[in-house]
There are 2 protein chains.
Amino acid sequence: LIGVTILGNNSALPAFDRHPTSQIVTIDDQLLMIDCGEGTQMQMSRYKIKRGKINHIFISHLHGDHYFGLIGVITSMGLLGREHALNLYAPATLLEIINLQLKVASTTLPFQLNFIPIEKNGLLCAESKFTVHCFAVKHRIDCWGFRIAEKKNPRKIDREKTLQYEIPTAFYERLKLGEDYTNKEGELIKNEWVTTPNTETKVYCYCADTIYDETMVAHVRDCHLLYHETTYLHDLKDRAAARFHSTTEQAATIAVLANAKKLIIGHFSSKYESLEDFLKEATAVFANTELAIEGVSYAVR
Amino acid sequence: LIGVTILGNNSALPAFDRHPTSQIVTIDDQLLMIDCGEGTQMQMSRYKIKRGKINHIFISHLHGDHYFGLIGVITSMGLLGREHALNLYAPATLLEIINLQLKVASTTLPFQLNFIPIEKNGLLCAESKFTVHCFAVKHRIDCWGFRIAEKKNPRKIDREKTLQYEIPTAFYERLKLGEDYTNKEGELIKNEWVTTPNTETKVYCYCADTIYDETMVAHVRDCHLLYHETTYLHDLKDRAAARFHSTTEQAATIAVLANAKKLIIGHFSSKYESLEDFLKEATAVFANTELAIEGVSYAVR
């Protein structure tokens, strides 16, 4: 889990050259897309995101600023001759919309689109290097957050020690998974004598559009990087609540309660041209906060 | 009919900061939108197009590069509090797509959306200052061109003459429409003695996406400004035909056959970074050709 690149950091109404929500999560050589507002394919070109490396797209909810760009991304992948499958995770109705749009254009995609409807909290996707869990958040319509975690890395073999204990190389894969070894003499060689733990597994959590909601904390606890929306500054907390959105202080409070290592905030209302006050208000509550800025990649560490 | 502003001049795959098709036609203080590819609302902000002045949107066909931006334009009009009705002319299925997208987001527009399905050649819209006729063009799916004409201007009254012939001011409106006047003595005062013809009425024709098709000429004859697509240069005329698109020379030939006063060409394939050869090839056939460039307004005269 290397980082998160912001393609859109604005709320519904595009303004000040800020775009509706989309993010790219980089895990080794794979790219995951989270949400896909209008213009995302142009933002991908602008920031040199390689479409071919995206095999998983997650859509948090069906407000247009989170998915109106998806059909463009999908059909452009088709025009560019993509052949490998694409997994799309989203509320069920999205498939109906996409199928209608493809049908009316007489378009057949040259690749397989696997649609996985998001229906309940839990494991959504398990790949060799990462897992994605989803959790319901509280918004005006069904809406989902995502917890993306590297899979636990195998342990590192200490070659000097394995030679010393005469462990055959055929057993190395099992050592990496943490197994102990028993030699021909029946002596137990404890795994921890011959291996060292690998680097910590990283976790990124994306909270989508949500009202302030402490029940979310359980789902994002101890993550290395937390994205939480902050549509409004603190003084508009009543408007935020009425529209099921959050403020700076609320986003930062969730980061504190969750023991997140770092917070990025976005989904700024088009009311605001300057974003300075967002950072000021959030860092007052949770120091390690950054603004989600388009084109910038945030390390997960 | 003052002019046509290009918001997108590219074909399906956005490239080189060129966008999918959209145009704004200005008639006095009204704006008409023709087609609405992804990102049109951002292009409108970039080129300072006033959304509130758009009361009519025409969608030529349901390939995504001509309508994926429409739902964004419509919902943003709603977010901005629009209250006056919007007329949308498009193939019928578009309404189904829009209704599904509004429903799943629990969105109720604060203004009335009047949907007028395009079904056959003829008059589509008659307003006080202009009319719009549509005509079927030949593309891979149902596709329509548009002929936008100013209404015939009333004749101009020559005040010196009307006083001389003692015509009452109450009859002026009928004079403007071309009627003769008979005075109390039963003498006929011919209309042409007391009025002069007004300026010529202007016509703009938009040919959408189309294969080379001379039957189109009848619908665009004698227009002041003609927009015709030129997805490819001349050397790719076979590919153009296979995909139901046109080349430079074909667009220019239609302009010649139709006796158009001026031609603008667009819908350039993302194969081409430079557009120079498009202009060179088209002007060789029809001299008064210009490239459709985003942000540029072309006068209709």
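Just above, that's the structure.
Residues numbered from 1 in each chain as written. Chains lettered and ligands numbered in written order. Predicted model: local features only at pLDDT ≥ 70, side-chain atom pairs only at ≥ 80, totals over all residues. Heavy atoms only, no water.

Student: Summarise the interface of chain B and chain A; cite the residues concerned and give the values.
Tutor: In this assembly, 30 residues from chain B lie in contact with 30 residues from chain A. Here chain B packs against chain A, burying approximately 2500 Å² in sum over the two surfaces, 71% of which is carbon and sulfur. Counting the surface chain B buries against chain A, the share from its top three residues, Glu38(B), Phe68(B) and Val104(B), is 24%. The interface formed by chain B and chain A includes 0 salt bridges. Here chain B is connected to chain A by 6 residue pairs in polar contact (both at pLDDT 80 or more). Contributing elements (two or more residues each) for the side of chain B that touches chain A: α1 (40–46), α2 (70–79) and α3 (93–104) of chain B. It is α3(B) that contributes the most residues to the side of chain B that touches chain A, 6 residues altogether. In terms of residue class, the side of chain B that touches chain A is made up of 16 nonpolar, 12 polar and 2 charged. (Contact = heavy atoms within 4.5 Å. Buried area = accessible area lost by both parts, 1.4 Å probe. Salt bridge = Lys/Arg side-chain N within 4 Å of Asp/Glu carboxyl O. Polar contact = N/O pair within 3.5 Å; in protein donor to acceptor, adjacent residues only side chain to side chain. Helix = DSSP H or I, 4+ residues; strand = E, 2+ residues; numbered from the N terminus. Nonpolar A, V, L, I, M, F, W, Y, C, P; charged D, E, K, R; others polar.)

Student: I'd love a proper account of the environment of Trp144(A), names of residues and values included.
Tutor: All names here are of chain A. Structurally, tryptophan 144 is set in strand β9 (residues 143–150). The sequence separation of tryptophan 144 and isoleucine 118 amounts to 26 residues, and the corresponding C-alpha distance is 8.1 Å. Non-local contacts of tryptophan 144, meaning those with residues more than four positions away in its chain, are made with Ser60, Pro91, Ile118, Glu119, Lys120, Asn121, Cys134, Phe135, Ala136, Val137 and Ala208.

Student: So what about the sheet that holds strand β4 (residues 54–58) of chain A? Which residues, and what values?
Tutor: Residues and elements named next belong to chain A. If you trace the 7 strands from one edge of the open sheet to the other, you get β6-β5-β4-β3-β2-β1-β18, paired in mixed fashion. Pairing within the sheet leaves two strands with one partner each, and these edge strands are β6 (113–117) and β18 (297–299). Strand-to-strand twist in this sheet, taken as the mean axis angle between neighbours without regard to direction, amounts to 20°. Each of β3 (30–36), β4, β5 (86–90) and β6 touches helix α2 (residues 70–79); the most contacted strand, β5, lies at about 170° to it. (Pairing = 2+ DSSP bridges. Axes fitted to C-alpha atoms, helices over the stretch in contact; angles between N-to-C directions.)

Student: Provide a residue-level description of the pattern of salt bridges, including the pertinent values.
Tutor: Summed over the entire model, instances satisfying the criterion amount to 16 salt bridges over all chains. Two residues, Lys161(A) and Asp158(A), come together in a salt bridge whose shortest N-O distance is 3.9 Å. Look at Lys161(A) and you get partly exposed, because its relative accessible area is 31%. One salt bridge in this structure joins Lys176(B) and Glu173(B), with 3.2 Å as the shortest N-O distance. With a gap of 3 residues between them, Lys176(B) and Glu173(B) both fall in helix α5 (residues 172–176), about one helical turn apart. Residue classification places Lys176(B) among the partly exposed positions, given a relative accessible area of 29%. (Buried < 20%, exposed > 50% of the residue type's maximum accessible area, 1.4 Å probe, protein only.)

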